[in-house]
2 protein chains.
Amino acid sequence: MQVSRVRFAFMQLSAQLLQQSQLKVTNARKVAIHFFEKEERPVDVEEILFHLRKHKLATDRATVYRMIDTFLDRGIITRLEFGEGKYRYELAGSDHHHLVCENCGRVEDISDCGIEAWEKKIKQKKHFLVKHHSLEFFGICKSCQ
Amino acid sequence: MQVSRVRFAFMQLSAQLLQQSQLKVTNARKVAIHFFEKEERPVDVEEILFHLRKHKLATDRATVYRMIDTFLDRGIITRLEFGEGKYRYELAGSDHHHLVCENCGRVEDISDCGIEAWEKKIKQKKHFLVKHHSLEFFGICKSCQ
DNA sequence: TATTATATGCGACTTATTCGCATTTGTCAA
DNA sequence: TTGACAAATGCGAATAAGTCGCATATAATA
């Protein structure tokens, strides 16, 4: 009961998000957004595909890639790189960065990066117009030490 | 004259670097390191290969990849990602980050990132041991604006 | 419920990267 | 200088990530 109500709420949220973005509300998209919401760490294409299939959706890889393009386009998700030779994605939102454990792969968020001061300086000194930035720390997490 | 003397000096440097790293001094490696030195912006595998071929070396792609692995291993070069779906490399050294122009692709260095304070904070607050970090700014460079 | 733009499935393709194996080549000691 | 050996290379095939064209299916809405 509890669970299904929660899931329903999630699905509502996904649908809303899609409608706001003027996208058709399809099952694959709803389930994918739900997946982005529930995962604590950024996910890759393979993980999205696997999750969709768990939900009995026969979604194709190409569809996932196109979905991602669309979501990036509408600013629903953000693309990240952790030096794995592939991209990871997370719901767009708060300005935050990551602590990536090189041992277990766990990804922790850190926020409030205070890098806006930097961007200002860069604009003044280098006349470079900063659109966005990426900041990741790599190392060993607490429990792996 | 001038040019060939300079080039010779570079080659000496490359050879030294290789010997210090206990690597065999081969033509491909010397020319590659020279290339890393002379390029202002981080290079990708294709560019390395192209440069080697310009120097009449029939180097194979696989060799370049293995060379890169070796150089990374010895800390001669550093691997970078600029959201292109592939890696770029530069000589390791100064602690610096990049301004990546999303229009022309030019990459400018910025140094003295003062992020050590951050790392300290992260260690204290999150008990995360930072080994290295990446910081890139994406936007539009002066001449593209 | 019919229309239509959009999303999807499928299959082939490109690009980045890796691997095994046979051959070549620096290095170093004799 | 030369011979031995580990290390480096070339080649070809394989994998993994991501893209594309086209025919079909399906949400949105009138």
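Criteria and cut-off values
Residues numbered from 1 in each chain as written. Chains lettered and ligands numbered in written order. Predicted model: local features only at pLDDT ≥ 70, side-chain atom pairs only at ≥ 80, totals over all residues. Heavy atoms only, no water. Axes fitted to C-alpha atoms, helices over the stretch in contact; angles between N-to-C directions. Helix = DSSP H or I, 4+ residues; strand = E, 2+ residues; numbered from the N terminus. Left-handed = near helix turned anticlockwise from the far one by under 90°. Contact = heavy atoms within 4.5 Å. Nonpolar A, V, L, I, M, F, W, Y, C, P; charged D, E, K, R; others polar. pLDDT = per-residue confidence, 0-100. Domains from an automatic or database assignment. Buried area = accessible area lost by both parts, 1.4 Å probe. Salt bridge = Lys/Arg side-chain N within 4 Å of Asp/Glu carboxyl O. Polar contact = N/O pair within 3.5 Å; in protein donor to acceptor, adjacent residues only side chain to side chain. Near = heavy atom within 4 Å. Least-squares fit on C-alpha atoms with pLDDT ≥ 70 in both. Pairing = 2+ DSSP bridges.

Q: Where do I start with the packing of helix α3 (residues 45-54) of chain B against helix α4 (residues 61-73) of chain B in this structure?
A: Two measures define how a pair of helices packs: the angle their axes make with one another and the distance between the axes. Residues and elements named next belong to chain B. Axis separation between α3 and α4 bottoms out at 10 Å; the angle between their running directions is 115 degrees. For α3 against α4, the interelement crossing comes out right-handed. Note on element contacts: α4 touches α3 through R61, V64, Y65, M67 and I68, opposite V45, E46, I48, L49 and L52. Along the lines of polarity and charge, the residues of the contact of α3 with α4 split into eight nonpolar, no polar and two charged.

Q: Any chance you could explain the confidence of the model for chain A here in plain terms?
A: Detailed reading of predicted coordinates is not advised where the pLDDT is low. Residue and element names in this part refer to chain A. Residue-level pLDDT values for chain A average 89, and 91% of them are 70 or greater. Per-element averaging of pLDDT across chain A places helix α1 (residues 2-20) at the bottom with 66 and helix α4 (residues 61-73) at the top with 98. Segment residues 1-8: pLDDT under 50, and one contact once partners within four positions in sequence are set aside and those in other chains are kept.

Q: Would you take a moment to explain the domain arrangement of chain A for this structure?
A: One frequently used descriptor of interface size is the decrease in accessible area upon assembly of the parts. Residues and elements named next belong to chain A. Per the domain assignment, the segments making up chain A are domain 1 (2-91) and domain 2 (96-144). For domain 1 and domain 2, the distance between their C-alpha centres works out to 24 Å. The interface of domain 1 with domain 2 comprises six residues on the first partner and eight residues on the second. For the pairing of domain 1 and domain 2, the buried interface totals around 570 Å² over both sides, and the portion due to carbon and sulfur atoms is 60%. Together, R41, F82 and E90 form the three largest contributors to the area buried by domain 1 at its contact with domain 2, with a combined 73%. One can count zero salt bridges joining domain 1 with domain 2. Where domain 1 touches domain 2, the interface holds three residue pairs in polar contact (both at pLDDT 80 or more). Residue composition of the side of domain 1 that touches domain 2, grouped by class: three nonpolar, no polar and three charged.

Q: Explain the interface of chain B and chain A here, please?
A: Contacts between chain B and chain A engage 38 residues on the former and 38 residues on the latter. Taken together, both faces of the contact between chain B and chain A bury some 3,200 Å²; the carbon and sulfur share is 62%. Taken as a group, B:W118, B:F128 and B:F137 account for 20% of the area that chain B buries against chain A, more than any other trio of residues on that side. Inspection of the chain B/chain A interface yields two salt bridges. Between chain B and chain A we count 20 residue pairs in polar contact (both at pLDDT 80 or more) in total. Broken down by secondary-structure element, the contributors of at least two residues to the side of chain B that touches chain A are β1 (77-81), β3 (96-101), β4 (107-111), α5 (116-126) and β5 (129-140) of chain B. With twelve residues, the single largest contributor to the side of chain B that touches chain A is β5(B).

Q: What is the right way to read the protein's contact with DNA strand D from this model?
A: Taken together, 19 residues form the shell around DNA strand D, and within it A:Y65, A:Y87, B:T26, B:R29 and B:R66 come nearest. At the protein interface, 64% of the atoms of DNA strand D within 4 Å belong to sugar or phosphate. At a separation of 3.4 Å, a base nitrogen of DNA strand D approaches a polar side-chain atom of A:K24. Every element with two or more residues in the surface near DNA strand D is listed here: α4 of chain A together with α2 (27-38) and α4 of chain B. Of the residues assigned to the surface near DNA strand D, the class counts are eight nonpolar, four polar and seven charged.

Q: Quick question: what am I supposed to make of the relation of the copies chain B and chain A here?
A: Both copies of the chain are placed relative to one another by a rotation about an axis and a shift along it. For the match of chain B to chain A, the screw axis carries a shift of 0.0 Å, the RMSD comes to 0.1 Å, and the turn is 180 degrees. This pairing of chains is accounted for by a two-fold axis. Across chain B, the smallest distance between a C-alpha and the rotation axis is recorded for B:L135, namely 2.3 Å. Mapped onto chain A, 100% of the interface residues of chain B again fall at the interface, so both copies present the same surface.

Q: Explain the sheet that holds β5(B) here, please?
A: In a beta sheet, neighbouring strands pair by backbone hydrogen bonds and run either parallel or antiparallel. On the basis of which strands lie adjacent, the open sheet formed by six strands has the order β4(A)-β3(A)-β5(A)-β5(B)-β3(B)-β4(B) and mixed pairing. The open sheet has two free edges, formed respectively by β4 (107-111) of chain A together with β4 of chain B, since each of these has just one partner strand. Each neighbouring strand pair of the sheet contributes to a mean axis angle of 25 degrees, computed without reference to strand direction. Sitting on the sheet, helix α5 (residues 116-126) of chain A touches β5 (129-140) of chain A together with β3, β4 and β5 of chain B, and the angle it makes with β4(B) is about 115 degrees.

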